[in-house]
Protein chains: 2
Amino acid sequence: MVIDNNFYMSLALREAWKYQGLTYPNPAVGCCVVGEHGEILGVEAHHKAGEPHAEVNALKSAYYKLTNDSYILALKESVDIHTHLLSNHNGIFKKTKLYTTLEPCSHYGKTPSCANLIAELGIEEVYIGSSDTNKIAANGTLKLSMNNCMVYSDVLKTECDALLLPFNKTLEDRFVFFKWAERLNGTTDEGTISSQSSRRQVHAMRDVCDLLVIGGGTVREDRPTLDARLVNGKAPDILILSRNKDFDRAIPLFDVPDRKVYIEDNLERIQEYKNIMIEGGSAMYTLTRGVVDYYLCYIAPSLGGNESIKFSNDKFTFLNVDKESEDIIVWMKRIENNG
Amino acid sequence: MVIDNNFYMSLALREAWKYQGLTYPNPAVGCCVVGEHGEILGVEAHHKAGEPHAEVNALKSAYYKLTNDSYILALKESVDIHTHLLSNHNGIFKKTKLYTTLEPCSHYGKTPSCANLIAELGIEEVYIGSSDTNKIAANGTLKLSMNNCMVYSDVLKTECDALLLPFNKTLEDRFVFFKWAERLNGTTDEGTISSQSSRRQVHAMRDVCDLLVIGGGTVREDRPTLDARLVNGKAPDILILSRNKDFDRAIPLFDVPDRKVYIEDNLERIQEYKNIMIEGGSAMYTLTRGVVDYYLCYIAPSLGGNESIKFSNDKFTFLNVDKESEDIIVWMKRIENNG
């Protein structure tokens, strides 16, 4: 194993992917802070919009590791962490290096600017994966360069761009991902498949989705609620993809407050939304194949079931593979032009 | 992400699993050397019997990182690396920490003793996952302790023991693993599934297996050679599990020199062997379920095919999940007593 800039960036990437689908309307970002001898001082990610950016979380961890000042651990608000770091850093970050999957933001939005913070802490080397093309937040590199910071761009750029794509798609028009759960032998039917931990993560994704697309068959058979109760989150609007519009209105999903439910035989409705999750099996895979940006698959450590996704000759690239508690979690994209 | 002893051991574990199935008759072992400030100096594994142990490979990487003495990079033989390290270390390892998934060996076998090397380099802290119960090589901890080295045992012990189980099983009686390749939707039929890189890894495993078990149906349909040509390795003996013993002897596997081929309707033959790989799909899964220690699955990023493993209600624990080139590689064990 080679311990180099790519290694530190890969740690930042791995941490960031754990929060993919959870940070909307913000991007998933990871950050690794490395000390002057190459020691890892902090590897953190952005968890949720409104919470600290990845750089702030990583600098917080690094500050605690370098100073043992536990006061900072209690601070949750980004502005408080910024303030504490700026008042107490005493130049300890001068020789550290910072690796971030996305160019640090240069604007004061819901949280203060990361580029400012990095510059004021005196960090002299910053390694960046993807450039920020969002006009409001961009120019972090310029701000850093003007403050005697060496900026190295395009570190694991392909991998960082793949992490960032969902965010860029929501800026452009919309991001659509297809989520399914299967057993080790590919089956998607016969009851609950993934672990409690995986299902909680899916509920957290529903909480930040604005539209959830589901098949009519699933609604009739499973009679689901399709809310985010496992994380006390909000329930997204629902598009039931079905030709037959006759549903038993006693099915719980119709009874969730502050939710719109559409029953339609096409996908035009998604144009009104930005962050869209599709849940389903083989039929939904086929029906939605043309609009999906990324696929998310939970693979459970079990056998059984009968039905799996029947669609020949599609090929994918695995973008990130993680094992969280019991299941394997795979983010992937379909490779175009596969005949 | 928490950067602690478990983190360094997890790096050693991750590296070691890449060589699981390739190190027989030796164990798969990983090692991480960490500098006095917590910087990672080397993460390496044992690759193949006769080649350097994980500790030697990791100390070699660390030495190069600390000294920039490129002479050591050209050394391949364990004894040469030992000699160079002992003659040139100048006390640079004094403040380093060494993490190894298995207690360092204390005997001079095909290679010199790792415990001796670690003690002579003056390393003061060693973190160990599994104890070595192999009588010939054991007592590394004692040797280290007698040389003013602090030894911390049982670091990620469960994970390290899972890595070591195949080795211990070969000492006890035999290790049997079932390998299959599937697509993302679980299918195992219709031609080549896994990547060239995965198939090369399987050939390297055949090279160190002493028996390969295969189903009669596969032999008749695929007419395979079942050798290790992709790595210029030796071909293992073959047990064809089949009631019907009538096979076309022009099938290439019968024509490989220095190989025994058994055609039998039961698994008793495995008792004559130590390191046994079973390759197959659903039928072989069912027939061999009672004798398998670990399962190894290659998941390819594609859809298609029709047949998958049909066996209800088996549950597994994923021991290691890796993404290598295109495929996902999963080592797992079946959980007993699953009704």
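Located above this text is the structure these notes cover.
Residues numbered from 1 in each chain as written. Chains lettered and ligands numbered in written order. Predicted model: local features only at pLDDT ≥ 70, side-chain atom pairs only at ≥ 80, totals over all residues. Heavy atoms only, no water.

A. Spotlight on the overall build of chain A. Of the regular secondary structure elements, chain A holds 9 helices and 13 strands. Against the compact-globule benchmark of 20 Å for 339 residues, chain A has a radius of gyration of 22 Å, which places it among compact chains. For chain A, the spread of C-alpha atoms along the three principal axes comes to 65 × 45 × 35 Å. The proportion of buried residues among the 339 residues of chain A is 58%. Of all intrachain contacts in chain A linking residues separated by at least 6 positions in sequence, the fraction that spans at least 24 positions is 72%. As presented, chain A carries roughly 14,300 Å² of accessible surface, and 46% of it is formed by carbon and sulfur atoms. (Helix = DSSP H or I, 4+ residues; strand = E, 2+ residues; numbered from the N terminus. Rg over C-alpha atoms; globule rule 2.2 N^0.38 Å. Buried < 20%, exposed > 50% of the residue type's maximum accessible area, 1.4 Å probe, protein only. Contact = heavy atoms within 4.5 Å. Areas by Shrake-Rupley, 256 points an atom, 1.4 Å probe, with all protein chains shown as cover.)

B. Fine view of the interface of chain A and chain B. At the junction of the two partners, chain A supplies 44 residues and chain B supplies 44 residues. By the criterion of area lost to chain B, the three top residues of chain A are M1, L303 and F318 of chain A, representing 22% of everything that side buries. Across the chain A-chain B interface, the total number found is 0 salt bridges. Linking chain A to chain B there are 17 residue pairs in polar contact (both at pLDDT 80 or more). Only α1 (5–17), β2 (40–45), β6 (175–183), β11 (294–300), β12 (316–324) and β13 (327–334) of chain A provide two or more residues apiece to the side of chain A that touches chain B. (Buried area = accessible area lost by both parts, 1.4 Å probe. Salt bridge = Lys/Arg side-chain N within 4 Å of Asp/Glu carboxyl O. Polar contact = N/O pair within 3.5 Å; in protein donor to acceptor, adjacent residues only side chain to side chain.)

C. Layout of the nonpolar core. Ranked by size, the top nonpolar core spans 100 residues in total, and within it I40, F177 and I240 of chain A together with I40, F177 and I240 of chain B carry the most contacts. When sequence neighbours within four positions are dropped, the list of residues in contact with I40 of chain A reads F7, Y8, L11, C32, V33 and K65 of chain A together with I3, F7, G38 and I40 of chain B. Within the second largest apolar cluster, 56 residues are counted, among which are Y262 and I278 of chain A together with L241 and Y273 of chain B. (Core = buried A, V, L, I, M, F, W, Y, C linked by side-chain atoms within 4.5 Å.)

D. Examining the packing of aromatic side chains more closely. Residues and elements named next belong to chain A. Tallied over the entire structure, the rule returns 36 aromatic pairs over all chains. Between Y127 and Y152, the ring centres sit 4.6 Å apart and the planes meet at 10°, which makes this aromatic pair stacked. In this pair, Y127 is assigned in strand β4 (residues 125–130) and Y152 in strand β5 (residues 150–152), connecting sequence segments 25 residues apart. For Y127, a relative accessible area of 6% puts it in the buried group. Taken together, a centroid distance of 6.5 Å and an interplanar angle of 70° make the contact between Y262 and Y273 edge-to-face. Taken together, the positions of Y262 in strand β9 (residues 261–264) and Y273 in the loop between β9 and β10 (275–279) put the pair 11 residues apart, joining distant regions of the chain. Each member of the pair, Y262 as well as Y273, carries the same accessibility label: buried. Taken together, the ring pairs in this structure connect F178, W180, Y285, Y295, F311 and F316 into an aromatic cluster. Residue placement shows R220 over the ring face of F247; its charged tip is 3.9 Å from the ring centre. (Phe/Tyr/Trp six-rings, centres within 6.5 Å; stacked < 30°, edge-to-face > 60°. Lys NZ or Arg CZ within 6 Å of the ring centre and 35° of its normal.)

E. Structural view of the relation of the copies chain A and chain B. Structural alignment of chain A on chain B gives an RMSD of 0.0 Å, achieved by rotating through 180° and translating 0.0 Å along the axis. Both copies are brought into coincidence by an operation consistent with a two-fold rotation axis. Interface overlap between copies: 100% of the residues of chain A at the interface are likewise at the interface in chain B, consistent with a symmetric, same-surface contact. (Least-squares fit on C-alpha atoms with pLDDT ≥ 70 in both.)

F. Local environment of the sheet that holds β2 of chain A. All names here are of chain A. Spatially, β2-β1-β3-β4-β5 is the arrangement adopted by the 5 strands of the open sheet, whose pairing is mixed. This sheet does not close on itself; its edge strands, each paired only once, are β2 and β5. Looking at each pair of strands side by side, their axes are set apart by 15° on average, direction ignored. One ladder, built from 5 bridges, connects strand β1 (residues 30–34) with β2; its direction is antiparallel. In the sheet register, V34 faces β2, and the bridge partner there is I40. Running over the sheet, α1 touches β1, β2, β3 (97–102) and β4 and is turned about 35° from β2. With respect to the sheet, helix α6 (residues 157–172) is in contact with β3 and β4, its orientation differing from that of β4 by roughly 60°. (Pairing = 2+ DSSP bridges. Axes fitted to C-alpha atoms, helices over the stretch in contact; angles between N-to-C directions.)

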